[in-house]
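Residues per chain, in single letters:
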Amino acid sequence: MNLFQLLKEKLRQYDDAHNFTCDLCGREVFENERVCKQCRNTLPWNDKNICPLCGRKVGEAGICLECKKKRLVTDRARSPLLHEGEAARIVHMAKRKKYFCRTAAELMLPLLDEFGADALVYVPMTEKAMKRRGYNQSKEIAEELSRRSGIPLLDAVVKTRETGAQKELGRAEREKNLEGTFHVSDRKGVKNKKLLVIDDTLTTGSTVSELASVLKRAGAKEVDALTLTSVYDKHPFGKK
Ligand SMILES: [Zn+2]
Ligand SMILES: [Zn+2]
């Protein structure tokens, strides 16, 4: 652990010890939870029928329409929450206030066991984007999950090219836009490993899919994905 990591860990320990209110509503919390019981009860949990491949909510049990058209490269993806209401707000806030990344991680933690991953991987940002935001929300969430579970976090992939806003693009356009942007920087670290990609939300799944394909080409045995939310309704491309 270098000095920067040590300081960061100390700050987190301090924050844990002084965490007395719910991140979402400000009510008093006990036992160090970041989200209170009342808020937990009203969050849009993705706990009904889900697609066994991408983890999106489906009307009837079975593989979703998107996966029937074209499967993601990830072996399995899951998300504890639907991308709506307060859950969508957490995703939005995690890009603005770093501590919401820890809120997200707390809500994702119970699903982590399902994967039995050897290591966690985050979605990298370009250096330029990092400078603009100051942090990478995907990495912050993955770091907190690693810290709470003991599963190591790999700095395995770098992003070398800016992809711009993907919000208005459909799945095929997104896939094309992402081609060749990720490069595995730690091939030894990923070889024969069961990896779990951590991100905030799954819309078309193009990002985790592209990441999974470079990791698999580098020799990863299995690549799954865990995101806080997933977009499931008639607008699977995140368009309104
Ligand atoms: Zn609350
Ligand atoms: Zn699916």
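Details of the structure are given in the entry above.
If you're wondering where the values come from, they're calculated on a predicted model, not measured in any experiment. Numbering of residues starts from 1 in each chain and follows the order in which that chain's sequence is written. Each chain takes a letter, starting from A, and each ligand takes a number, starting from 1, following the order in which they are written. Totals for whole chains, interfaces and linings use all residues, but because this is a predicted model, local features are given only for residues with pLDDT of at least 70 and pairs of side-chain atoms are given and counted only at 80 or more. Side-chain metrics in this entry use all non-hydrogen atoms of the structure; hydrogen atoms and water are not considered.

Student: What exactly am I supposed to notice about the overall build of the protein here?
Tutor: The numbering of helices and of strands both runs from the N terminus, where a helix is a DSSP run of H or I of at least 4 residues and a strand a run of E of at least 2. The helix and strand tally for the protein stands at ten helices and eight strands. The globule rule used for comparison is 2.2 Å times the number of residues to the exponent 0.38, while the radius of gyration itself is calculated over C-alpha atoms. The globule rule puts the C-alpha radius of gyration for 240 residues at 18 Å, and the 17 Å found for the protein is close to it. Principal-axis analysis of the C-alpha atoms places the extent of the protein at approximately 45 × 45 × 35 Å. Per-residue accessibility, obtained with a 1.4 Å probe over protein chains only, is compared with the maximum for each type, and a residue is labelled buried under 20%, exposed over 50%, and partly exposed between these values. Among the 240 residues that make up the protein, the fraction classed as buried is 50%. Long-range pairs, those at least 24 residues apart, make up 74% of the contacts in the protein with a sequence separation of at least 6. Surface exposure here means Shrake-Rupley accessible area, sampled with a 1.4 Å probe, where a residue is shielded only by the protein chains that are shown. For the protein, the exposed area adds up to about 12,500 Å²; of that, 53% sits on carbon and sulfur atoms. Any two residues whose heavy atoms approach within 4.5 Å at even a single point are treated as in contact.

Student: Got a minute to help me understand the coordination of the zinc ion (ligand 2) in this structure?
Tutor: Octahedral six-donor coordination of a metal ideally yields angles of 90 or 180 degrees, compared with 109.5 degrees for tetrahedral four-donor coordination. Sodium, potassium and calcium take a 3.2 Å donor cutoff, other metals 2.8 Å, and in both cases only N, O and S atoms count; water is not among them, so sites may look incomplete. With distances of 2.3 Å, the protein atoms coordinating the zinc ion (ligand 2) are Cys51 (SG), Cys54 (SG), Cys64 (SG) and Cys67 (SG). Angular criteria define each label, namely tetrahedral for four donors with all angles between 85 and 135 degrees, square planar for four and octahedral for six donors with opposite donors over 155 degrees apart and remaining angles between 65 and 115, and irregular for whatever fails these tests. Each of the four donor atoms around the zinc ion (ligand 2) contributes to a set of angles spanning 105 to 116°, which defines the coordination as tetrahedral. The sequence pattern formed by the donor residues of the zinc ion (ligand 2) is C-x2-C-x9-C-x2-C.

Student: When you look at helix α4 (residues 85-94) in this model, what are you seeing that I'm missing?
Tutor: Residue pairs three or four apart in sequence face the same way in an α-helix, which turns once every 3.6 residues. Along α4, the positions that sit buried rather than exposed are Ala87, Ala88, Ile90, Val91, Met93 and Ala94. Turning to α4, the residues buried within the fold contact β2 (81-82), α5 (99-112), α7 (137-149), β7 (194-202) and β8 (222-230).

Student: Can you walk me through the environment of Gly85 in this structure?
Tutor: With respect to the secondary-structure elements, Gly85 resides in helix α4. Counting along the chain gives 14 residues from Gly85 to Tyr99, while the straight-line C-alpha distance between them is 19 Å.

Student: Looking at this structure, I do not really get the side chain of Ser138. What am I missing?
Tutor: Of note, Ser138 is situated in helix α7. Setting aside residues no more than four positions away along its own chain, Ser138 makes contact with Tyr122, Val123, Ile198 and Asp199.

Student: Mind showing me how you'd approach the coordination of the zinc ion (ligand 1) here?
Tutor: With distances of 2.3 to 2.4 Å, the protein atoms coordinating the zinc ion (ligand 1) are Cys22 (SG), Cys25 (SG), Cys36 (SG) and Cys39 (SG). For the zinc ion (ligand 1), the four donor atoms in the first shell make angles of 106 to 114° at the metal, a pattern classed as tetrahedral. The motif formed by the donor residues of the zinc ion (ligand 1), counted along the single chain, is C-x2-C-x10-C-x2-C. Taken together, the positions of Cys22 in the loop between α1 (3-17) and α2 (37-42) and Cys39 in helix α2 put the pair 17 residues apart, joining distant regions of the chain. Assigned by exposure class, Cys22 and Cys39 land together as buried.

Student: Quick question: what am I supposed to make of unusual backbone geometry here?
Tutor: With glycine set apart, most residues show a phi of negative sign, and most peptide bonds adopt trans. Phi is positive for Asn192, close to 60°, though the residue is something other than glycine. With respect to the helices and strands, the residue Asn192 is situated in the loop between α9 (187-190) and β7.

Student: I'm lost on a nonpolar patch on the surface in this one. Help?
Tutor: Surface patches are defined over residues having more than 30% relative accessible area and no salt bridge, joining like charges when they lie within 9 Å and nonpolar side chains (Val, Leu, Ile, Met, Phe, Trp, Tyr) when within 5 Å. Just to be clear on terms, a salt bridge is a Lys or Arg side-chain nitrogen sitting within 4 Å of an Asp or Glu carboxyl oxygen. On the surface, Met1, Leu3, Leu6 and Leu7 cluster together into a nonpolar patch covering about 470 Å² of accessible area. Looking at the element boundaries, Met1 is found in the segment before α1. Met1 gets classed as exposed once you look at its relative accessible area, which sits at 73%.

Student: Would you mind showing me how to read the side chain of Arg12 here?
Tutor: Checked against the element boundaries, Arg12 lands in helix α1. Exposure remark for Arg12: the relative accessible area of 8% places this residue in the buried category. For Arg12, the side chain forms a polar contact with the side chain of Glu140, separated by 2.9 Å. Apart from residues no more than four positions distant in its own chain, Arg12 is found in contact with Arg102, Glu140, Glu143, Glu144 and Arg147. Think of a polar contact as two N or O atoms within 3.5 Å of one another; within protein, one of them needs to be a possible hydrogen donor and the other a possible acceptor, and neighboring residues in sequence only count if both atoms come from side chains.

Student: So what exactly am I meant to see when it comes to the packing of α4 against α5 here?
Tutor: Geometry of a packed helix pair, given as the angle between the helix axes and the separation of the axes. The geometry of α4 relative to α5 is characterised by a closest axis approach of 8 Å and an angle of 135° between their N-to-C directions. Taken together, α4 and α5 sit at an angle that is classed as oblique. Judged by the sense of rotation from one axis to the other, the crossing of α4 with α5 is left-handed. Mapping the contact onto sequence places Ile90, Met93 and Ala94 in α4 and Phe100, Cys101, Ala104 and Leu107 in α5. Every axis in this analysis is a line fitted to C-alpha atoms, fitted for helices over the stretch in contact. Angles between the N-to-C directions lie between 0 and 180 degrees. Any angle from 65 to 115 degrees is called roughly perpendicular, while one under 35 is roughly parallel, one over 145 is roughly antiparallel, and all others are oblique. Note on convention: near helix rotated counterclockwise from far helix by under a right angle means a left-handed crossing. Clockwise means right-handed.

Student: Please clarify how the pattern of salt bridges should be interpreted in this entry.
Tutor: Side-chain pairs of opposite charge can arise where the charged atoms are in close proximity. Tallied over the full model, the rule gives 28 salt bridges. Measuring nitrogen to oxygen at the nearest pair gives 2.8 Å for the salt bridge that ties Glu143 to Lys8. Of this pair, Glu143 sits in helix α7 while Lys8 is found in helix α1, placing the two residues 135 residues apart along the sequence.

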